[in-house]
Each structure stands twice: as C-alpha cells, then as structure tokens.
Amino acid sequence: MKEKFEIPHAERVVGVPAKHQDKQEIAEKYFASFFELEREKKEGIELEKTERDVELISFSDQAVEKYLKQYNSNKDIRIPLENIHLLRDGGTEEFSEGRVRGGSASALYGSIVVDRPQSDIQFTLMAFHELFHAKSYKAFQITTEGEPKVYRSGFSVVSRDGKTTYFDEIDEAITGYMERRFYREFILNSKLLKKEVKTLEKNGEKPMFGRIAEVKSAEQFINQLFELNKDKFKTKDEIFDLFLEAEATGKLLKVGRLVESSLGKGSFRELGEKSAD
Ligand SMILES: [Zn+2]
C-alpha cells in the first residue's frame, strides 16, 4: 500500500484548483519543501547555539508540546534546531527591518528567529512564544491569486486572497497568555533556571512578557463571555480552554457558537475583523 505523504509542518493544503485536484500531492510536496529552505544561517547576526541554549530551547519546546497535546492537537510539528535561529540581542528587529522585536515565527517555513538576551529566563520565554506559534494548528493554501500562503495558523485565518489575517490579535493573546502560564507552571519550578528565578524573586522582579495589550483585551472579552454564561461555565478558565483547543486543533466552531449565542448573530465574524492584521 502506498504510504500517505505528510507535510512536516502543517495538516493540509486547501485551494488546489479543481482541474488539478488529482495533483493534490504535488502541492503538498511543494509546501513541504519550504520547511527545508529556512535552514541557512542569518548572515552576520546569527549566533552559534551553545549547549545551554540547546538545553533551554528543548525545555521550551517540550512545554509547548505538552500544552498542545493537552488541548487535543493531532499533529506533533517538530521544528529542528536548524530551523531555530538564535540572533544576537536586538537581531530580530534588525532582521525584520523594525517590524518585530524579540522573535518571530514563520508558519510557512516552519522556522523561528529569536533574540538571545543575557537572561536565560527571558530567552526561554521568547523561545516558548515563537515555538508555540510555529507548532499550533497549521493549514496552507494556494490563494485565489495562485500564491502559496498560510491559510490557518493557530486561531488565525488568512483570507483566500492571502491579504488579510483574521483573528490575528486573538492568536497573539492566546500565545501571550500561554507564555505567562509557562512561566508559572514550568519556569518557576525548573531546576534549569533556579538560580535566576531566585534572583528575580529576591529583587521582587518579573520577566518581561510579550503581547500585554492583546492579553489584557482577551481577558476582558473572556470575562464578558463568562458573565453572560455563568449557567454554562463554572470558571473563566473553562472558556479560555475553548480558545486554547481552537488554537491547537484549528476548530473554531465551539468558540464561534459561544460568541454568537452570547453577543448575537454575526458577532464572531465581527471579532475576526476587529482583531485582523
Ligand atoms: Zn507572537
């Protein structure tokens, strides 16, 4: 029996033109090839990974995997070390010509870039954030313009013309929220980071978390949903879990239904537009 071909960093490809539907596998192999393309070092700004770096990356990676599995992800996307680019502090900003800071994930290429600041905790948090983006639910598309693009990444949905990313801020909020949870549930208890955790605690400090505004507005939104549905949910976390499951599986239906039944018909679509990029 012929084994089914699998894209290493996504679950499916949509938008293959009807007349080429029998060539779906060619499209899938084409998208799979992107995964190999981003292995080259970023000239001038990329650092060699030390043993410690590799240890910390693997710590973050395992936590991402554990969370995604917990929320029913059915694909274990593995990002090889060559697809993880460590840049000197401030390197991401340089590399992206000022567009982003700290780190960035490319869904299409299954790769991430992340700054290597001095603090191991800060680095571990940023690596977690980008790996969470890279390993959440993924689907690709041939757009209506005929271009290879991402279709779904976590909670976000790219329009079929490839121009708009709906729910982008929600996707960031979920990732930012998980970053904080990773800090509480993994970093604070880790032998690996014990020394730095102690120093932080002694000084009454906390690390810098990403996406402050997005997390705050998602929390407000979830509070609002909770207030309207106290008969159905015992805690706010149960609602957050629905968002997390959508992030891991790509299935937006449960959240969609909850939003629509709470805020009226069309409100889920509105949310997608409001949080678009
Ligand atoms: Zn992000």
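A few points on the structure. Note that the structure is a prediction, hence the values are computed from the model and not measured. (Residues numbered from 1 in each chain as written. Predicted model: local features only at pLDDT ≥ 70, side-chain atom pairs only at ≥ 80, totals over all residues.)

**As for the overall build of the protein chain**
Counting its regular elements, the protein chain contains 10 helices and eight strands. Dimensions of the protein chain along its principal axes, counting C-alpha atoms only, are 60 × 50 × 40 Å. Buried positions account for 39% of the 277 residues belonging to the protein chain. For the protein chain, the share of sequence-separated contacts (at least 6 apart) that also reach a separation of at least 24 residues comes to 66%. (Helix = DSSP H or I, 4+ residues; strand = E, 2+ residues; numbered from the N terminus. Buried ≥ 20, exposed ≤ 12 C-beta atoms within 10 Å, placed from the backbone. Contact = placed C-beta atoms within 7 Å.)

**Quick look at the pairing of strand S2 (residues 84–88)**
Here S2 lies mainly inside the structure; four of its five residues are buried. In terms of strand pairing, S2 meets strand S4 (residues 111–116) through five bridges, oriented parallel. Each bridged residue has a counterpart across the sheet, and for Leu-86 the counterpart in S4 is Val-114. (Pairing = 2+ DSSP bridges.)

**So, the pairing of strand S3 (residues 103–106)**
Looking along a regular strand, one sees side chains alternate from face to face of the sheet. The sheet contact formed by S3 and S4 spans four bridges and is antiparallel. The residue bridging Gly-103 from the neighbouring strand is Val-114, located in S4. Hairpin remark: S3 followed by S4, antiparallel, with four residues in the connecting loop; positive phi at Gly-110, about 60°.

**Observations concerning the packing of helix H7 (residues 212–228) against helix H8 (residues 236–249)**
Across the interface, H7 lies against H8 with an axial gap of 9 Å and an inter-helix angle of 120°. Judged on the interaxial angle alone, H8 and H7 are oblique. Judged by the twist between their axes, the crossing of H7 over H8 is right-handed. Contact with H7, carried on its side by Ile-222, Asn-223, Leu-225 and Phe-226, involves Lys-236, Ile-239 and Phe-240 of H8 and no other residues of that element. For the contact of H7 with H8, the per-class residue count stands at five nonpolar, one polar and one charged. (Axes fitted to C-alpha atoms, helices over the stretch in contact; angles between N-to-C directions. Parallel < 35°, antiparallel > 145°, perpendicular 65-115°, else oblique. Left-handed = near helix turned anticlockwise from the far one by under 90°. Nonpolar A, V, L, I, M, F, W, Y, C, P; charged D, E, K, R; others polar.)

**What to know about the environment of Gln-21**
Checked against the element boundaries, Gln-21 lands in the loop between strand S1 (12–14) and helix H1 (24–37). C-beta crowding within 10 Å serves as the criterion here: with 9 such atoms nearby, Gln-21 is assigned to the exposed category. Placed 116 residues apart in sequence, Gln-21 and Tyr-137 show a C-alpha to C-alpha distance of 23 Å.

**Considering the environment of Val-100**
Mapped onto the fold, Val-100 is located in the loop between helix H3 (91–95) and S3. With 13 C-beta atoms packed within 10 Å, Val-100 lands in the partly exposed category.

**Here we look at the sheet that holds strand S7 (residues 156–158)**
Taken in spatial order, the five strands of this open sheet run S1-S5-S6-S7-S8, and their pairing is mixed. The outermost strands of the open sheet, each flanked by one partner alone, are S1 and strand S8 (165–166). With five bridges connecting them, strand S5 (residues 138–142) and strand S6 (residues 148–153) associate as antiparallel partners. When the bridges of S6 are listed, Lys-138 appears paired with Ser-153.

**Here we look at H1**
In a regular helix each residue adds 1.5 Å, so 14 residues correspond to 20 Å; H1 covers 21 Å between its end C-alpha atoms and thus fits that length. Those residues of H1 not exposed but buried are Ala-27, Phe-31, Phe-34 and Phe-35. Buried residues in H1, looked at end-on, bunch into an arc of 110°, giving them a common side. In H1, the exposed positions that point more than 90 degrees away from the buried face belong to Ile-26 and Ser-33. Looking at the buried side of H1, the elements it contacts are S1, S5 and S6. (Expected span 1.5 Å × (residues − 1). Arc of directions from axis to C-beta.)

**So, the packing of helix H2 (residues 51–70) against helix H4 (residues 120–135)**
Taken N-terminus to C-terminus, the directions of H2 and H4 make an angle of 45°; their axes are 8 Å apart at the nearest point. By the criterion of interaxial angle, the relationship of H2 to H4 is oblique. Relative to H4, the crossing made by H2 is right-handed. Residues Leu-56, Ile-57, Phe-59, Ser-60, Asp-61, Ala-63, Val-64 and Leu-68 of H2 touch H4, and the partners they reach there are Asp-120, Phe-123, Thr-124, Ala-127, Phe-128, Leu-131, Phe-132 and Lys-135. Looking at the contact of H2 with H4, its residues break down into 11 nonpolar, two polar and three charged.

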